[in-house]
Amino acid sequence: MAFSLSTSPKFCPFFPISAKSSPFSLPSFLYFRSPSTLFHLVPPSTSLLKTSIIPCSLNPISTPTSSPSLRCHPDYIPNHIPDPNYVRIFDTTLRDGEQSPGATLTSKEKIDIGRQLAKLGVDIIEAGFPAASKDDFEAVKTIAKEVGNAMDETGYVPVICGLSRCNEKDIRTAWDAVKYAKRPRIHTFIATSGIHMEYKLKKTKKEVLEIAGRMVRFARSLGCDDVEFSPEDAGRSDREFLYEILGEVIKAGATTLNIPDTVGITLPNEFGQLIADIKANTPGIQNVIISTHCQNDLGLSTANTIAGAAAGARQVEVTINGIGERAGNASLEEVVMAFKCKGEYVLGGLYTAIDTRHIVMTSKMVEEYTGLLVQPHKAIVGANAFAHESGIHQDGMLKHKSTYEIVSPEDIGLERSNEAGIVLGKLSGRHALKDRLKELGYELDDDQLGNIFWRFKSVAEQKKRVTDADLVALVSDEVFQPAVVWKLGDLQVTCGTLGLSTATVKLIGADGSQHVACSVGTGPVDSAYKATDLIVKEPVTLPEYSLNAVTEGIDAIATTRVLIRPQKNYTSTHALSDEIVNRTFSGTGAGMDVVVSSVKAYIGALNKVLGLRELS
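Residues numbered from 1 in each chain as written. Predicted model: local features only at pLDDT ≥ 70, side-chain atom pairs only at ≥ 80, totals over all residues. Heavy atoms only, no water.

The protein has the name 2-isopropylmalate synthase in an unreviewed UniProt entry, where Rubroshorea leprosula is given as its organism. UniProt's Catalytic activity (unreviewed entry) comment on the protein is quoted here verbatim: "3-methyl-2-oxobutanoate + acetyl-CoA + H2O = (2S)-2-isopropylmalate + CoA + H(+)". (UniProt positions renumbered as here; feature names shortened; annotations may be inferred.)

**Thoughts on the overall build of the protein**
Scanning the protein from N- to C-terminus turns up 17 helices and 21 strands. Residues classed as buried in the protein amount to 57% of the 616 residues present. Considering only contacts within the protein whose residues lie at least 6 apart along the sequence, 66% involve residues at least 24 apart. As displayed, the protein offers around 26,000 Å² of accessible surface, 55% of which is attributable to carbon and sulfur atoms. (Helix = DSSP H or I, 4+ residues; strand = E, 2+ residues; numbered from the N terminus. Buried < 20%, exposed > 50% of the residue type's maximum accessible area, 1.4 Å probe, protein only. Contact = heavy atoms within 4.5 Å. Areas by Shrake-Rupley, 256 points an atom, 1.4 Å probe, with all protein chains shown as cover.)

**Let's talk about the sheet that holds strand E12 (residues 289-294)**
Taken in spatial order, the 8 strands close into a barrel running E6-E7-E8-E9-E10-E11-E12-E13, and their pairing is parallel. With direction set aside, neighbouring strand axes in the sheet form an average angle of 25°. As defined by bridge partners, strand E10 (residues 227-232) adjoins strand E11 (residues 256-261) across 2 bridges and the pair is classed as parallel. Each residue of the ladder has a partner; that of phenylalanine 229, found in E11, is leucine 257. The strands touched by helix H3 (residues 168-178) within the sheet are strand E8 (159-165) and strand E9 (184-191), with E8 carrying the most contacts at an inclination of about 160°. (Pairing = 2+ DSSP bridges. Axes fitted to C-alpha atoms, helices over the stretch in contact; angles between N-to-C directions.)

**Examining unusual backbone geometry**
Even without glycine at this site, aspartate 233 takes up a positive phi of about 60°. With respect to the secondary-structure elements, aspartate 233 resides in the loop between E10 and helix H6 (239-252). The backbone phi angle of arginine 326 is positive, close to 55°, even though this residue is not glycine. Inspection of the secondary structure puts arginine 326 in the loop between strand E13 (315-318) and helix H9 (332-342). A relative accessible area of 48% means that arginine 326 is categorised as partly exposed.

**Side note on the environment of valine 227**
Note on placement: valine 227 falls in strand E10. For the pair formed by valine 227 and cysteine 161, sequence separation is 66 residues and the distance between their alpha carbons is 9.2 Å.

**Some remarks on the pattern of salt bridges**
Scanning the model with the defined rule gives 31 salt bridges in all. Between glutamate 228 and arginine 185 there is a salt bridge, and its shortest N-O distance comes to 2.7 Å. Here arginine 185 lies in strand E9 and glutamate 228 lies in strand E10, a separation of 43 residues in the sequence. Taking the shortest distance from any N to any O, the salt bridge between glutamate 248 and arginine 217 comes out at 3.8 Å. Residue glutamate 248 is located in helix H6, and its partner arginine 217 is located in helix H5 (residues 205-221); the two are separated by 31 residues in the primary sequence. Judged by relative accessible area, which is 22%, glutamate 248 ranks as partly exposed. Overlapping salt bridges bring together Glu98, Lys110, Asp135, Asp136 and Arg583 as one network. (Salt bridge = Lys/Arg side-chain N within 4 Å of Asp/Glu carboxyl O.)

**Describing the packing of aromatic side chains**
Per the stated rule, a full pass over the model turns up 5 aromatic pairs. Seen from their ring centres, tyrosine 369 and phenylalanine 480 are 5.5 Å apart, and the 90° between their planes marks the pair as edge-to-face. Of this pair, tyrosine 369 sits in helix H10 (residues 359-370) while phenylalanine 480 sits in the loop between helix H15 (468-478) and strand E14 (486-494), placing them 111 residues apart in sequence. Phenylalanine 480 carries the same exposure label as tyrosine 369, and that label is buried. Taking 6.2 Å as the distance between ring centres and 40° as the angle between the ring planes, the aromatic pair formed by phenylalanine 453 and phenylalanine 456 counts as tilted. Remark: phenylalanine 456 and phenylalanine 453 occur in helix H14 (residues 446-462); sequence separation between them is 3 residues, near one turn of the helix. Overall, the relative accessible area of 7% leaves phenylalanine 453 in the buried class. A cation over a ring is seen here: lysine 145 above tyrosine 180, with NZ or CZ 4.7 Å from the ring centre. (Phe/Tyr/Trp six-rings, centres within 6.5 Å; stacked < 30°, edge-to-face > 60°. Lys NZ or Arg CZ within 6 Å of the ring centre and 35° of its normal.)

**Some words on the side chain of threonine 302**
Its location among the elements puts threonine 302 in helix H8 (residues 301-310). Excluding anything up to four places from it in sequence, threonine 302 contacts Ala330, Ser331, Glu334 and Val335.

**As for the packing of H8 against H9**
Contact pair H8 / H9: the axes reach a minimum separation of 9 Å and the direction vectors enclose 45°. Relative to H9, the element H8 is oriented oblique. The handedness of the crossing between H8 and H9 is right-handed. For the pair formed by H8 and H9, the contact residues are Thr302, Thr305, Ile306 and Ala309 on the first element and Glu334, Val335, Ala338 and Phe339 on the second. Taken together, the residues that form the contact of H8 with H9 break down as 5 nonpolar, 2 polar and 1 charged. (Parallel < 35°, antiparallel > 145°, perpendicular 65-115°, else oblique. Left-handed = near helix turned anticlockwise from the far one by under 90°. Nonpolar A, V, L, I, M, F, W, Y, C, P; charged D, E, K, R; others polar.)

Right, dumping it as structure tokens:
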């Protein structure tokens with residue numbers, strides 16, 4: 001819908017944001033902002049009184065019940081954002097997030113998550129650390145080709161970024177992986193704090209300064225016009241040296257300067273002041289984008305990220321569900337919803353282009369693929385985020401939802417089950433199941449829906465009522481699984497106090513062949529795992545096993561998560577520490593039989609190992 005300036009006074013006054021050419025490219029739009037909406041003027045040569053104003057983004061909201069935002073990315077220029085209030089979202093789930101122990105992802109899973117991140121509307125996807133291993137290189141390269149050339153419905157193509165240390169081999173490898181994307185970026189880093197330079201790098205300030213400038217110039221010489229530089233451990237770095245090295249890499253051609261709080265040591269006022277000081281004292285800072293990357297060691301990553309943006313950063317580095325090494329990173333969903341709730345009236349108009357309706361689905365995909373469960377009290381996406389148990393809260397919610405909800409669940413892609421009016425049971429049909437899954441945030445194709453439908457009918461035959469938690473478990477077990485190398489066919493166990501536990505397992509290979517093995521063990525799960533090992537022949541150890549019921553009652557579906565470590569080491573290089581890391585692999589399974597769910601989880605983890613071996 002278009003509105004004429006001369007006939008729609010309710011959209012006035014408009015405050016001009018940008019109406020002149022930047023030194024980097026001619027603007028394709030003139031930007032204006034009303035108190036609640038960003039508009040662009042089309043075309044720029046048209047008379048102001050005769051043109052139409054088209055709503056471009058409704059991100060900033062003033063009430064928790066407003067409808068989800070419409071996305072609009074400003075024209076992408078590596079070192080310039082046409083709208084000074086726009087904040088780029090840099091997602092590093094596939095790089096920093098995967099560094100979480102046990103979060104190893106297969107190439108298929110990385111591509112699936114990459115596509116979902118593009119659907120979510122992130123501006124930059126850090127697809128990985130290409131120099132870590134051959135598998136990481138190939139995964140980044142595939143994402144660059146497939147996700148990095150696919151337009152979303154608004155016409156935007158995400159930037160695909162690869163991480164590298166400040167050396168020529170890493171940088172060349174990163175470029176060889178990301179160069180296939182329409183918008184490739186190299187992200188290179190070197191430590192700048194005294195403790196890191198002395199004990200890790202064993203280099204002087206002068207040496208680090210020279211390396212940083214030379215490596216940024218090398219990255220640009222390869223043909224990459226979008227280079228991000230990070231001074232690792234900036235939060236503990238000497239300020240004057242920080243200004244100096246940032247000024248040097250700007251001269252060398254860096255387009256984004258990322259300021260990481262690598263060990264999560266700063267408080268929000270400290271980090272905000274750090275960004276403000278860098279903005280005020282770094283020569284050439286007006287020609288680049290300032291970014292933040294905040295770790296969560298003190299539980300302050302989201303607060304620090306918002307403080308950094310308020311102080312002038314216009315890119316924020318985040319992960320889905322806040323995953324990452326140690327205590328994790330700033331959480332995308334928390335940062336984005338903070339901007340959405342408070343950006344207009346508290347943060348001076350800051351907004352993003354994230355389509356928040358896809359937050360729930362993205363969160364669930366990352367949770368299932370990585371095996372890193374979201375704690376129930378997690379902000380925005382936790383199971384209890386919109387649950388109200390106390391009588392006072394329930395009474396307030398019944399009278400007006402805004403009494404205790406600052407965010408509407410519908411805004412993040414979650415429908416309220418008690419408002420859906422659908423109770424699923426054994427007589428429910430495919431259409432009812434599809435509608436309920438959509439309300440839970442799952443958009444499935446016909447094949448996936450068909451498989452889940454028959455699993456649902458089987459469960460419904462044994463339970464009077466199938467809950468949302470049951471459906472989530474079924475979807476996770478059916479959809480969020482690695483590529484099939486082995487699949488469970490049949491399982492039979494004998495156990496108890498009268499004799500040895502025995503299990504007979506039938507597995508189906510990718511070619512359809514059937515394999516049967518029998519083994520004894522200390523219990524039904526142990527014997528089933530040993531029988532599986534006789535078929536798969538991939539020696540592993542089992543450092544972690546957990547079993548949970550998804551609902552109350554003796555008829556609950558059980559979900560199992562396992563973590564395995566192959567005896568044949570699958571290694572990668574850790575980006576920050578340079579350590580050679582032995583990878584672990586997670587698997588999940590669900591079923592009303594705890595032994596069946598346990599074997600499914602074990603086979604899922606083995607499939608990840610075997611898939612990685614085939615790629616290698």
